[in-house]
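Architecture at a glance
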Amino acid sequence: MKKYIFLIILMGFTAMGLAQNSISGVIKNENNEVLSNVEVLVSDAAIQTKSNENGLFELKNLPIGKITLIFKKENFEIKSEEIAIGKQEQKIMVVVLEEEAHHIDEILVSSIFNKTQNENVVKIDHINLKNIQNEGAINLSDAIATNPGVNVVSTGVSIGKPVIRGLSGNRVLTYTQGIRLENQQFGEEHGLGLNANGQESVEIIKGPASLLYGSDAMGGVLFFNPEKYAANNQTEFSVNQVVNSNTQGSNSSVTLKTSEDKFKFLVQNNYTTHADYQTPNGETVVNTRFIEKDFKVGTSYATSRYVADFRYNYNDLNLGLPEEDIEDARFRTPLYPSQKIENHLLSFNQKVFFKNSKLEATAGYVFNNRKELEAADEVALFMKLKTFNYNVRYYLPDFGKFETIIGFQGMNQENRNFGEERLIPNAKISDIGFFGTSQYKMEKSLLQFGVRYDFRIVNIHEFGEIGTEGSFQKLDKNFESINASVGFKTEITEKITSRINIATGFRAPNLSELSSNGVHEGSNRYEIGNPNLKNEQNFQVDLNVDYNAEHFDFFANGFYNSINNYIFIAPNGNTIDDNFVYDYLQNNAALFGGETGIHLHLHEIDWLHMTSSYEMVIGKLDNKMNLPLIPANQWKNNFRANFNVSKNIKNSFVFLQANYTFNQNNVSEFETKTGNYLLLSSGIGTDIELKKSNFNVYLTATNLLNKEYIAHLSRLKADGIYNMGRNIVLGVNFKL
């Protein structure tokens, strides 16, 4: 795999010219007053600046061809402008921003054409992680679960695995730094593997996205956007500190950014530590503690024809695994059993701009080093997973009203074992996919369609005496799939927009499903794989309706997801060494449901926002049995007041959340029912501006009433262990 790291670092297109293309202008409001500190970004490049005290801005070294400029400022509508710029061309423009706060229309990096939501056929949810950090989530998965239709399978506070509309694990694909994250995500006791610091936002695609991302994207995609570089010719230094009362936890982050016209650089160091969490009745859940070290560095280079962005992330996570009869020793250092996980992520993204087209290539290398330790000198599992990703797209010149993209992407992966036990075998996986997609733009409608072909090779190495525990038979299998999607968006009226999307997706069986042969300690069961498993293939229909008025928004999303050859695990009635034996089986399945919600923003009290959403999902096998790990229906409510106290105390807020979770009685044969509960959270915060620096401070309380509850997707539910009790979170962010 060393050759892949070498390729990432050295792979590059020759920069084609150094022409000084530029755009300058002035930004005003509707009253013709100039606006300062407006963020101005180029969506296709790591280029950004801010307007000065006179509302003036300038961007240099811009890519030639068609680019999209984004203008962002607090309490104003986000505005996008598509502009064509030629070689050595300088343009001047006047930009007018409308005063409004709740119609957020970000550029969606995860969408095929990198459009704003208003210009996108597929409904994609965008979450600004900086904004929701003050709501008190301890891990990244909990933060994402604030979105309707998203939940989390948890093991205490250290392990969280996102669930999108009832699907998780290998059915939900995670992208970070523009590359596919591979970290043995098949295991339900394996967390997301990312630190929230350094993540600017996340985009959530609900439903099959195999057209863009290939295998494993049949349930959806989590696309994390890394933190942006500083504005041109600016240097930023920030220190962030968060403390938690319940876990006596601490999250510290230090970031340095500096940018010139062509070169940009950032470096960030993060350290997180939490002791065991306490339940509402005051009991300590021993060995739910964890320590996380995280380091990020990035650099970018841009000219008028070439943009390159290199990023590296090192993450070291040491977390305890709660079990019965663990002696409560030490304080923060995880006890045994524990997991020790190291992740190295390298990514290199490049764009070459031609007169009317663009070529983009991304290469990535992920090294996952996972250990599960029973004692200091007893390494039960030790797996090294090395993955090389690549993704190439060519954006063809527009043909009339058609925009078209063709491309290919693939992955080479190797898993090796070094521990005393083997959960999955030594194996190699190679796949490649080719795709093409087009978008046709009409006056008030958009039509998008595409097709993709994928081919995967799986080579499993033989190990041990066949028929005994821990042995693996040699297996060479090929999987292929053809998938397509079509979507249509139209403006029914000025205020009502509807979308309908029909798409297919697929997932090749993972190594655990194909070849498991032993006790899975994380699940306390003996698992037997099935080498005859076929591709999972799904067909999903999504319908979305949005109503957007000046002071009131409403949305309704409905979906039906039919999955052929759905892979699941079920007990066969036998036991081996006092462990129940589970087999991997296949049957057809269907999931259906949706989300609906409102956003109220009254003119008379425009500082007050109220959002409310309801979500549900039902999952059934063909034999009418319920699918496992289906989240309970939820009703999420948020009341938030935003205001400015003075000239130097701005963006102040107060919020109250009331989230009601209904009974979950639709359970699989080896699950138990879960009762309903109501959780309240509240918080307050503000920005304090000084002459050359500013502070952000917030105080939040989660589970405000100290409610005793057990979430249906908690893996500690089987032991009757409550979720975390009341937690007070204090956060301070200092920027210079």
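Residues numbered from 1 in each chain as written. Predicted model: local features only at pLDDT ≥ 70, side-chain atom pairs only at ≥ 80, totals over all residues. Heavy atoms only, no water.

What follows is about the overall build of the protein chain. The number of helices and strands found in the protein chain is five helices and 38 strands. For the protein chain, the C-alpha radius of gyration of 25 Å lies close to 27 Å, the compact-globule estimate for 736 residues. Projected onto the principal axes, the alpha-carbon positions of the protein chain cover approximately 75 × 55 × 50 Å. Across the 736 residues in the protein chain, those meeting the buried criterion constitute 56%. Considering only contacts within the protein chain whose residues lie at least 6 apart along the sequence, 65% involve residues at least 24 apart. Accessible surface computed for the protein chain: about 30600 Å², of which carbon and sulfur atoms make up 54%. (Helix = DSSP H or I, 4+ residues; strand = E, 2+ residues; numbered from the N terminus. Rg over C-alpha atoms; globule rule 2.2 N^0.38 Å. Buried < 20%, exposed > 50% of the residue type's maximum accessible area, 1.4 Å probe, protein only. Contact = heavy atoms within 4.5 Å. Areas by Shrake-Rupley, 256 points an atom, 1.4 Å probe, with all protein chains shown as cover.)

The next point concerns the environment of V152. Position of V152 relative to the elements: it lies in strand β9 (residues 150–155). For the pair V152 and G207, spaced 55 residues apart in sequence, the C-alpha separation works out to 17 Å.

We now examine the sheet that holds strand β4 (residues 56–60). With respect to topology, three strands assemble into an open sheet ordered β4-β1-β7, the strand pairing being mixed. Lying at the two open borders of the sheet, with one neighbouring strand each, are β4 and β7 (90–97). Averaged over all pairs of adjacent strands, the angle between their axes in this sheet comes to 20 degrees, without regard to strand direction. Of the strand pairs in this sheet, strand β1 (residues 22–29) and β4 are connected by five bridges, and their pairing is antiparallel. From the neighbouring strand, G25 faces β4, where its bridge partner is F57. (Pairing = 2+ DSSP bridges. Axes fitted to C-alpha atoms, helices over the stretch in contact; angles between N-to-C directions.)

Tracing the backbone through its elements, the reader meets S201 in strand β13 (residues 199–206). A polar contact of 3.4 Å, which involves the side chain of S201, links it to the side chain of H126. Sequence-distant contacts of S201, that is, excluding residues within four places in its chain, are made with H126, I127, N128, L129, F223, F224 and N225. (Polar contact = N/O pair within 3.5 Å; in protein donor to acceptor, adjacent residues only side chain to side chain.)

Right, let's talk about a negative patch on the surface for a bit. A cluster of acidic residues, E323, E324, D325, E374, D377, E378, E420, E421, E469, D577, D578 and D719, forms a negative patch on the protein surface. Structurally, D377 can be placed in the loop between β21 (358–375) and β22 (378–395). (Patch = residues over 30% accessible without salt bridge, like charges linked within 9 Å, V, L, I, M, F, W, Y side chains within 5 Å. Salt bridge = Lys/Arg side-chain N within 4 Å of Asp/Glu carboxyl O. Lys, Arg positive; Asp, Glu negative; His and termini not counted. Charge placed at Lys NZ, Arg CZ, Asp CG, Glu CD.)

Read across the open sheet, the five strands follow the order β8-β13-β14-β11-β12; overall the sheet is mixed. Looking at which strands have only one partner, the edges of the open sheet turn out to be β8 (124–128) and β12 (179–180). Relative to strand β14 (residues 220–226), β13 runs antiparallel, the two sharing seven bridges. Residue pairing for β14: V202 is matched across the bridge by F224.

Bringing empty space enclosed by the protein into the picture now. Applying the stated criterion across every chain, the model contains eight cavities of 30 Å³ or more. The calculated volume of the largest cavity comes to roughly 1000 Å³. Around the largest cavity sit 43 residues that line it, and S43, V109, N225, P226 and K351 are the ones nearest its centre. For the lining of the largest cavity, a count of residues per class yields 18 nonpolar, 13 polar and 12 charged. Approximately 510 Å³ is the volume found for the second largest cavity. Taken together, 35 residues make up the lining of the second largest cavity; nearest its centre are V122, K123, I205, P208 and N501. Counting only elements with at least two residues in the lining of the second largest cavity, the list comes to β8, β13, α4 (210–213), β26 (475–491), β27 (496–507), β30 (536–548) and β31 (552–576). Examining the composition of the lining of the second largest cavity, we find that six residues originate from one element, β27, more than from any other. For the lining of the second largest cavity, the class distribution of residues is 15 nonpolar, 14 polar and six charged. (1 Å grid on protein atoms, 1.4 Å probe; cavity = no way out; pocket = protein on both sides within 12 Å on 5 of 7 lines; lining within 4 Å. Points joined across faces, edges and corners; volume = space filled by probe spheres on them. Nonpolar A, V, L, I, M, F, W, Y, C, P; charged D, E, K, R; others polar.)

With respect to the helices, strands and loops of the structure, T387 is situated in strand β22. By relative accessible area, which is 0% here, T387 ends up buried. Sequence separation between T387 and V366 is 21 residues, and the spatial gap between their C-alpha atoms is 5.1 Å. Once you skip the residues sitting within four places of it in the chain, T387 turns out to touch E182, G364, Y365, V366, M411, N412 and Q413. Side chain to side chain, T387 and Q413 meet in a polar contact 3.0 Å long.

Residues V243, L602, I605, W607, F643, V645, V654, I684, L699, I728, L730 and V732 make up a contiguous nonpolar surface patch of about 920 Å² in total accessible area. Tallying contributions element by element places strand β38 (residues 727–735) first for the nonpolar patch, with three residues. Mapped onto the secondary structure, I684 falls in strand β36 (residues 677–689).

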